[in-house]
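# A closer look at the structure
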Amino acid sequence: MFFRRRARMLRWLVCGRLGPVWMWKALLLFVAIAFAGQLLGVIFNKSVPPAPRSVFSSPDAQGPPLGACRPHTHIMFLKTHKTASSTVLNLLYRFGEERRLRFALPPGYQLGYPLPFNAHRVKGYRGPRAVEFHILGNHMRFNKLEVEKVMPADTFYFSIIRDPVALAESSFAYYKEVAPAFRKAKGLGDFAEDPHKYYDPRLRNNHYARNLLWFDFGLDHNANFSAALAQRGEAMIRQTFKLILVSEYFDESMILLRHALCWPLDAVVSFSLNARQQKPGGLGAIGGSWVDKAAAVAGVGVRAGRQAKAPPDLSLTADQREKLRQWNALDWHIYKAFNRTFWKEVDRFGHAQMAREVALLRLRRDDLARACLRDGGKPVEAHRIRDKTIRPFQSGLVKILGYELHPGLDNATRAACLRMIRPEIQYKDVLDSKQFPRAQSVQGQAPPGPQSQGPAGVGGAPFFRQGPSRTGDKAVGRTVEEGDRDRDWDGSRLMRSNQTLVRAQEAGRLR
């Protein structure tokens, strides 16, 4: 009797107070399933590690805060010669490609250089404000009135300069075979001793040998120096360009540029591109299909069958350096003027803050180099790069170095790393194919040869001719005839307006 009462009480407690038996069975089953799932999850996580985060998604990619500014997307960069400008152009290419901006691209690889820039040389240009272009940065001789036809009114203009002596060293090494003044000289020191002995302003490509910065800014590089002329040229540059970077202080320049454009830190982190090998060495092999492109971007020609020559003699005495400054007096003036302006900008920015941000920039560069590059991030000779599509073009009498990526990178990281090391010529081709996809497919069907010209492209823009062209880019082993100088790449006649400051001094040019 006692046990029966106890059993009835227990059933009453379980079923009445604590719920029916089926609920308890369901609860026990749920607990068992949850435990088994947790156990399986632990086993699975141990066998399959989580996907690694890309170095480019790190919080360090943004850098120090910039405040309540908006990123500039209308940008004009005057790409001066031998000033680290290829590295700067890579920043613009990357930024624009990642955000699907529209580039004002040349049909070839330069915007009519060395003729003054003409808006009709931009592929897809259909008149002022007919098409929105975001970024203009390929080699040109600056012509403000024509640039303003292409770029919006709120465009941010900037450029970069370099000490004229260092620029002359690089220019002599790179353009010795195409600039008659350099070709005749035994070495740079020999040229510096008596430039008038070698220099003839009437000969094509001799602009590389005197006041090259002044020339690229669209000014008369052969004008006799005077303080008044130099100051007027300086004033013109100041009026147009909001920021002038200095090649010798590249990292500080990148910090100023980042804040001026309101860009994240990774947008101004770079690896040095188009750098030449400092130690002597012969030329690497040049792929035949790329020779014209290399000559176009570098402004040099390589004739078939030419054997590699010894590297040029760039040695200079202190006296010869001073003579080069005097020979390039107009360049020396603007270099000194904008070097002072540069450090005034640093003063306003704050030296302590500049030091902190430069340190962050260099740390970030090291991080990306470790993540992206083989050989410890050091540039290597082109023939050592396994991927032939990213080998830098070899022009002139010096080796141009490039980079090789780590093998086994995930797709996203590899794409981001590739943008940072892709040489200028190949990068322009990639952007061109994205911006004019129909043009590329149609043009690929056209028969090769100097007389073939593709049909109308996107927006009705005609395409450039194959082989030796009228783009203003120098063709291999060929001098552009006078008739070609007055015509654009589509055959239309060009206006040859020049923005030389003092036209009256034409008669007083050096001979």
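Residue positions are given per chain, counted from 1 along the sequence in the order it is written. In keeping with the predicted nature of the model, local features appear solely for residues at pLDDT of at least 70, side-chain atom pairs appear and are counted solely at 80 or more, and the whole-chain, interface and lining totals rest on all residues. Hydrogen atoms and water are omitted, and side-chain values are computed over all heavy atoms in the structure.

Strands are runs of DSSP state E lasting at least two residues, helices are runs of H or I lasting at least four, and both sets are numbered from the N terminus onward. Looking only at helices and strands, the protein chain has 19 helices and four strands in total. Remark: exposure states derive from per-residue accessible area (1.4 Å probe, protein chains only) relative to the maximum for the residue type, with buried under 20%, exposed over 50%, and partly exposed in between. Here the protein chain, with 511 residues, has 51% of them falling under the buried criterion. Only heavy atoms enter the contact rule, under which two residues are in contact if any of them lie within 4.5 Å. In the protein chain, of all internal contacts separated by at least 6 residues, the share reaching a separation of at least 24 is 76%. Values of accessible area rely on a 1.4 Å probe in the Shrake-Rupley scheme; residue burial ignores everything except the protein chains shown. As displayed, the protein chain offers around 24900 Å² of accessible surface, 56% of which is attributable to carbon and sulfur atoms.

Note that the residue after Tyr 113, namely Pro 114, is joined by a cis bond; omega there is 10°. As for its placement among the helices and strands, Pro 114 is situated in the loop between helix H3 (85–98) and strand S2 (135–136). A positive phi angle is found at Arg 100, which is not glycine, with a value near 55°. Among the structural elements, Arg 100 can be located in the loop between H3 and S2. Overall, the relative accessible area of 80% leaves Arg 100 in the exposed class. The phi torsion at Asn 211 lies on the positive side, around 45°, for a residue other than glycine. Relative to the elements of secondary structure, Asn 211 occurs in the loop between helix H8 (195–198) and helix H9 (212–216). Classification of Asn 211 by relative accessible area gives buried; the value is 1%.

In contact at an axis separation of 11 Å, H3 and helix H17 (residues 424–435) are set at 25° when each is read in the N-to-C sense. Taken together, H3 and H17 sit at an angle that is classed as roughly parallel. The interaxial crossing formed by H3 with H17 has left-handed handedness. Mapping the contact onto sequence places Ser 86, Leu 89, Asn 90, Tyr 93, Arg 94 and Glu 97 in H3 and Glu 424, Tyr 427, Lys 428, Val 430, Leu 431 and Lys 434 in H17. When residues are grouped by polarity, Ala, Val, Leu, Ile, Met, Phe, Trp, Tyr, Cys and Pro land in nonpolar, Asp, Glu, Lys and Arg in charged, and all others, Gly among them, in polar. Looking at side-chain class alone, the contact of H3 with H17 contains five nonpolar, two polar and five charged residues. The axes used here are C-alpha line fits, helices contributing only the stretch in contact, and every angle between their N-to-C directions lies in the interval 0 to 180 degrees. Roughly parallel means an angle under 35 degrees; roughly antiparallel, over 145; roughly perpendicular, 65 to 115; everything else is oblique. Two helices cross in a left-handed way if the nearer one is turned anticlockwise from the farther one by less than a right angle. They cross in a right-handed way if the turn is clockwise.

A word on the packing of aromatic side chains. For this analysis, a ring pair means two rings from Phe, Tyr or Trp (six-membered ring only for Trp) whose centres lie within 6.5 Å, classed as stacked if their planes differ by under 30 degrees, edge-to-face if by over 60, and tilted for the remaining angles. All chains considered together, the criterion is met by 22 aromatic pairs. Seen in terms of ring centroids, Phe 142 and Phe 241 are 5.0 Å apart; in terms of plane orientation they differ by 55°. Their pairing is tilted. Of this pair, Phe 142 sits in the loop between S2 and helix H4 (144–150) while Phe 241 sits in the loop between helix H10 (227–240) and strand S4 (243–246), placing them 99 residues apart in sequence. Taking the centre distance of 6.1 Å and the plane angle of 45° together, the rings of Phe 156 and Phe 158 count as tilted. Note on accessibility: Phe 156 and Phe 158 belong to one class, buried. Members of the aromatic cluster, joined through ring pairs, are Phe 172, Phe 182, Phe 191, Tyr 198, Tyr 199 and Trp 327.

At a closest axis distance of 9 Å, the pairing of helix H5 (residues 164–175) and helix H13 (residues 318–327) adopts a crossing angle of 95°. Taken together, the axes of H5 and H13 lie roughly perpendicular to each other. Listed contacts from H13 to Val 165, Ala 168 and Glu 169 of H5 are Arg 321, Leu 324 and Arg 325. The residue makeup of the contact of H5 with H13, split by class, is three nonpolar, no polar and three charged.

So, on to the sheet that holds strand S1 (residues 75–78). Should DSSP find at least two bridges between two strands, the strands are taken to pair. Ordered by their spatial adjacency, four strands build an open sheet running S2-S1-S3-S4, and the pairing between neighbours is parallel. Each of the sheet's edge strands pairs with one partner strand only, and the pair in question is S2 and S4. Summarising the sheet, S1 and S2 pair through two bridges and their orientation is parallel. Counterpart to Ile 75 in the pairing with S2 is Ile 135. Strands S1, S2 and strand S3 (156–161) of the sheet are contacted by H3, whose axis makes an angle of about 160° with S1.

With that settled, consider the nonpolar core. For our purposes a nonpolar core is just a set of buried Ala, Val, Leu, Ile, Met, Phe, Trp, Tyr and Cys residues, chained together by side-chain atoms within 4.5 Å. Of all hydrophobic cores here, the largest spans 111 residues; its most connected members are Phe 158 and Phe 191. Element by element, the count of residues in this core is highest for helix H14 (residues 329–349), at seven residues. Those residues in contact with Phe 158, other than ones at most four positions away along the chain, are Ile 75, Met 76, Phe 77, Leu 78, Val 88, Leu 92, Phe 241, Leu 243, Leu 245 and Leu 257.

Below, the discussion takes up the state of the cysteines. For this text, the term disulfide refers to a pair of cysteine sulfurs within 2.5 Å. Under the definition given, this model contains two disulfides. Each disulfide pairs two cysteine sulfurs, and for Cys 69 the partner residue is Cys 262, the sulfurs being separated by 1.9 Å. Where Cys 69 bonds to Cys 262 through sulfur, the torsion about that S-S bond is close to 80°, and the disulfide is right-handed. Here Cys 69 is found in the loop between helix H2 (21–47) and S1, whereas its partner Cys 262 is found in the loop between helix H11 (250–261) and helix H12 (291–298), with 193 residues between them in sequence. On the basis of relative accessible area, Cys 69 is assigned to the partly exposed category, the value being 34%. Disulfide partner of Cys 372: Cys 417, at an S-S distance of 2.0 Å. Disulfide Cys 372-Cys 417: torsion about the S-S bond near -70°, hence left-handed. With Cys 372 in helix H15 (residues 351–372) and Cys 417 in helix H16 (residues 411–421), the pair connects residues that are 45 residues apart, well separated along the chain. Just as Cys 372 is buried, Cys 417 falls in that class too. If the cysteines joined by disulfides in the protein chain are listed in sequence order, their pairing comes out as 1-2, 3-4.

Right, let's talk about the pattern of salt bridges for a bit. The term salt bridge refers to a side-chain nitrogen of Lys or Arg lying within 4 Å of a carboxyl oxygen of Asp or Glu. A complete count under the given rule lists 21 salt bridges for this structure. Note that Lys 79 and Glu 424 form a salt bridge whose closest N and O atoms lie 3.3 Å from each other. With Lys 79 in the loop between S1 and H3 and Glu 424 in helix H17, the pair connects residues that are 345 residues apart, well separated along the chain. For Lys 79, a relative accessible area of 1% puts it in the buried group. For Lys 434, the salt bridge goes to Glu 97, with nearest N and O atoms at 2.5 Å. A residue pair is termed long-range when its members are at least 10 positions apart, and Lys 434 in helix H17 and Glu 97 in helix H3 qualify at 337 residues. Because the salt bridges share partners, they merge into one network encompassing Glu 97, Glu 98, Arg 99, Arg 419 and Lys 434.

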